[in-house]
Amino acid sequence: MLQQINYAADAGRIAKLQKDIRLGALSVSALVEHCLSRIDAVDPVVQAWRYVAHDSARAEADLLDREAKAGRFRGPLHGIPVGIKDIIDVAGVTTLANSKLRVNSAPATADAEIVAALRLAGAVIIGKTHTTEFAYFDPSPARNPHNIAHTPGGSSSGSAAAVGAGGVPLAVGTQTVASVNRPAAYCGVAAFKPSTQSTCTHGITPLAPAFDTVGFFGATVADAVALYEAVAPAFTASFDRPSGPRCNIVRLEDRTLETCDAQILKKVDGAAAAIADGGHAVRPAASPEDLATIFETLLRVMQYEASRIYRGLLDLPEDSVGPKFREMIDIGLALSETTYRDDRMRLAAARARFWATFADADAILFPATPQTAPAGLASTGDPRYIAPWTALGGPVVTQPIGRDANGLPIGMLVCGRPGADRALARVACALDTLHETDH
């Protein structure tokens, strides 16, 4: 296992980095050099990064330091390094999306909306992180920083691995099925996926527009939330209700939990008990909707939409496209428009029924994955526990809650209703302080 850098301990939480930069106790250049040195040291093994912007990151750090000395700060992320998933356009850099078809493509001429928002907030773009091919299931080169013989997950594999390996304190990814929350759980980091479709995806390679959503990684829940909140005013809408100091928490039960590893269930039960001991109301409740059915329905909608975007790839030589992506296009093209429309209606109805049942809940707890990161790099792991929450539409936090007997990270989901992004962010940050995670 690689020696980890925990930014919460070694470099300070994002809040501390922000404070130190504003007080002049830490220069942006020093922080950026710390990140670049760490990346240079560990990425030959972890392979989280597709492109590292050594020169432009140093130049930007120098400019931000000069602005800080003059008392000018661009925003809440002034000087904070951030990694960008390589389906998201960064001006001057080619967006490969882990596809051999794009190797000779021209660099992006403009930043994606999220990158522009990050720059306005003062972030330093350190580089681009590896992704699965077109953000689907054909794996990227990235490896799990806790054990490089295991998958880091997908599709935002490089973003999660980059934070987990200590190369960068924050990173951005996208989620269509489980592509932010799953790699976060596997790599032992936190993630915040806002309400589905609440974020602008201009400048991002699409997979399925009905679900494509930008998500945020950090070493802790507070860090991932800080990244989200730094761009949220310009980037997303939220319709929150007030949340008092005592939260109503649901520990959801569902038949899919029959496949869950006992070590993971024990950790989630322990986290729920610690939350109850912290003064919050925690109750078990059965899911009013079948999560496995929701997952299967979401997959069909994704396959239908993605196949219409990428159908032309089937005309290319077979080895031009990964086998899983090619198979997905074939499956999607066989689906009718009627099936697609009916599935969209089923998901909307399931979403309405589910959240009507839990109208009084401030958050719902559920394991992030059935097992910890699987051995091998041919698969990105199991998305079944996360995908239904993407379809149900609300914000989803991955909270690290410990490790299994082999030292692999375990994650728990903290889920909220659609539109309650900032309320769930506050709740998740509060819950994250109530137990030890044995990082």
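Conventions and cut-offs
- Residues numbered from 1 in each chain as written.
- Predicted model: local features only at pLDDT ≥ 70, side-chain atom pairs only at ≥ 80, totals over all residues.
- Heavy atoms only, no water.
- Helix = DSSP H or I, 4+ residues; strand = E, 2+ residues; numbered from the N terminus.
- Rg over C-alpha atoms; globule rule 2.2 N^0.38 Å.
- Buried < 20%, exposed > 50% of the residue type's maximum accessible area, 1.4 Å probe, protein only.
- Contact = heavy atoms within 4.5 Å.
- Areas by Shrake-Rupley, 256 points an atom, 1.4 Å probe, with all protein chains shown as cover.
- Pairing = 2+ DSSP bridges.
- Right-handed = clockwise from strand over helix to strand, strands pointing away.
- Phe/Tyr/Trp six-rings, centres within 6.5 Å; stacked < 30°, edge-to-face > 60°.
- Lys NZ or Arg CZ within 6 Å of the ring centre and 35° of its normal.
- Arc of directions from axis to C-beta.
- Axes fitted to C-alpha atoms, helices over the stretch in contact; angles between N-to-C directions.
- Parallel < 35°, antiparallel > 145°, perpendicular 65-115°, else oblique.
- Left-handed = near helix turned anticlockwise from the far one by under 90°.
- Nonpolar A, V, L, I, M, F, W, Y, C, P; charged D, E, K, R; others polar.

**Q** Sorry if this is basic, but what is going on with the overall build of the protein chain here?
**A** Within the protein chain, the regular secondary structure consists of 13 helices and 11 strands. Taking 439 residues into account, the globule formula puts the C-alpha radius of gyration at 22 Å, and the protein chain, at 20 Å, falls close to it. Seen through its principal axes, the protein chain has C-alpha atoms that stretch 60 × 55 × 40 Å. Burial status across the protein chain gives 60% buried among its 439 residues. By sequence separation, contacts in the protein chain at least 24 residues apart represent 78% of the contacts at least 6 residues apart. Carbon and sulfur atoms make up 53% of the accessible area of the protein chain, which amounts to about 16100 Å² in all.

**Q** Any chance you could explain the pairing of strand β3 (residues 124–129) here in plain terms?
**A** Regular strands place side chains that alternate from one sheet face to the opposite one. Counting buried residues in β3 gives six out of six residues, a clear majority hidden from the surface. Sheet topology note: the strand β1 (residues 49–52)/β3 ladder contains three bridges and is antiparallel. Following the sheet pairing, Tyr-51 is matched in β3 by Lys-128. By the bridge criterion, five bridges tie strand β2 (residues 81–85) to β3 in an arrangement that is parallel. Looking at the pairing, Pro-81 lines up with Val-124 of β3. Once the chain exits β2 it traverses helix α4 (residues 113–120) before rejoining the sheet at β3, and the crossover so formed is right-handed.

**Q** Looking at this structure, I do not really get helix α5 (residues 157–164). What am I missing?
**A** Of all eight residues that make up α5, eight are buried, and the element is covered over most of its length. Where α5 is concerned, the buried positions are Ser-157, Gly-158, Ser-159, Ala-160, Ala-161, Ala-162, Val-163 and Gly-164. Directly beyond the C-terminal end of α5, a positive phi value near 80 degrees is found at Gly-166.

**Q** So what exactly am I meant to see when it comes to the packing of aromatic side chains here?
**A** Working definition: an aromatic ring pair is given by the centre-to-centre distance plus the angle between the planes. Counted according to the given criterion, the structure contains 13 aromatic pairs. Relative to Tyr-310, the ring of Phe-134 has its centre 5.0 Å away and its plane inclined at 40 degrees; by these criteria the two rings are tilted. Here Tyr-310 lies in helix α9 (residues 291–310) and Phe-134 lies in the loop between β3 and α5, a separation of 176 residues in the sequence. Tyr-310 carries the same exposure label as Phe-134, and that label is buried. Every member of this aromatic cluster is reached through a ring pair, and the members are Phe-354, Trp-355, Phe-358, Phe-366, Tyr-385 and Trp-389. Of note, Arg-308 hangs over the ring of Tyr-304, and the distance from its end group to the ring centre comes to 3.8 Å.

**Q** It is not clear to me how α4 should be interpreted in this structure. Could you clarify?
**A** Each α-helix turn comprises 3.6 residues. Residues three or four places apart therefore point the same way. Of the residues making up α4, those classed as buried are Ile-114, Val-115, Ala-117 and Leu-118. Down the axis of α4, the smallest arc covering the buried residues is 160 degrees, so these residues share one side.

**Q** Just to check I follow, could you spell out the packing of helix α2 (residues 28–46) against helix α3 (residues 54–69) for this structure?
**A** Contact pair α2 / α3: the axes reach a minimum separation of 8 Å and the direction vectors enclose 160 degrees. In terms of orientation, α2 lies roughly antiparallel with respect to α3. In this structure, α2 meets α3 at a crossing whose hand is right-handed. In this structure, α2 uses Val-28, Ser-29, Val-32, Glu-33, Leu-36 and Asp-40 to contact α3, whose residues at the interface are His-54, Ala-57, Arg-58, Ala-61, Asp-62, Leu-64 and Asp-65. Across the contact of α2 with α3, the residue classes tally to six nonpolar, two polar and five charged.

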